[in-house]
Amino acid sequence: VGGESDTEDVKLTRSVQEQLLRGDAARAYRVAEEGLNQAKSANDRRGEAIAQDLLAGIHIACGRHDEAVAAARSSVQLFLELEDLRSASGAAQALCDAASSLGTAACEAALEDVSELRVRCRAAGVAA
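Heads up: these notes are all about the structure in this document. Just so you know, these numbers come straight off a predicted model, no measurement behind them. (Residues numbered from 1 in each chain as written. Predicted model: local features only at pLDDT ≥ 70, side-chain atom pairs only at ≥ 80, totals over all residues. Heavy atoms only, no water.)

## Here we look at helix H5 (residues 85-100)
Thought 1: With 16 residues, H5 should cover 22 Å at 1.5 Å per step; its first-to-last C-alpha distance of 22 Å lies within 8% of that length.
Thought 2: Along H5, the residues that are buried comprise Leu85, Ala88, Ser89, Ala91, Ala92, Ala94, Leu95, Ala98 and Ala99.
Thought 3: The secondary structure elements touched by the buried residues of H5 are helix H3 (45-61), helix H4 (65-81) and helix H6 (104-124). (Helix = DSSP H or I, 4+ residues; strand = E, 2+ residues; numbered from the N terminus. Expected span 1.5 Å × (residues − 1). Buried < 20%, exposed > 50% of the residue type's maximum accessible area, 1.4 Å probe, protein only. Contact = heavy atoms within 4.5 Å.)

This is the structure in structure tokens:
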């Protein structure tokens, strides 16, 4: 995890947040998608996880819960691969929030998705 990537992650997050504060969810989505594509092209797994997390939040705000679940699920998995348990925990919250709007089956699937996170957090002494 390098300093340049961290700077790009912060820039992406700020840019998306600025668009959301302006009420421009469509522009926020485009900015986050651009960030996701750039991260994938650069094989930047952390950048990809952050972009997916941002996309999940945008989808939740727009009521696109199926898309939010998919993005949050991807973000959780990427953060777990990176062993960033705190970020994975935050992404898991977005996953549960989105899944709760989709009904019982989606909630149960989301809980299964975060079970690995809970086990790893307990082992590391991190609150999930």
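We are not done yet, so read on.
## Quick notes on the nonpolar core
Thought 1: Val16 and Leu117 are the most contacted members of the largest nonpolar core, which has 33 residues in total.
Thought 2: When residues of this core are traced back to their parent elements, those giving at least two are helix H1 (3-21), helix H2 (25-41), H3, H4, H5 and H6. (Core = buried A, V, L, I, M, F, W, Y, C linked by side-chain atoms within 4.5 Å.)

## Description of H6
Thought 1: An ideal rise of 1.5 Å per residue puts 30 Å on 21 residues; H6 measures up with 30 Å between its terminal C-alpha atoms.
Thought 2: Taken as a whole, H6 carries its principal kink of about 35° at Val114.
Thought 3: Within the sequence span of H6, burial applies to Ala110, Val114, Leu117 and Cys121.
Thought 4: Those residues of H6 that are buried are in contact with H4 and H5.
Thought 5: One or two steps after H6, the chain reaches Gly125, where phi turns positive at roughly 75°. (Bend = angle between axes of the 7 residues up to and from the residue.)

## Focus: the side chain of Gln52
Thought 1: Among the secondary structure elements, Gln52 is positioned in helix H3.
Thought 2: Discounting chain neighbours no more than four positions away, the residues touching Gln52 are Leu36, Ala71, Ser74, Ser75 and Leu78.

## Examining the side chain of Ser75
Thought 1: Secondary-structure assignment places Ser75 in helix H4.
Thought 2: Among residues more than four places away in sequence, those in contact with Ser75 are Ala49, Gln52, Asp53 and Ala91.

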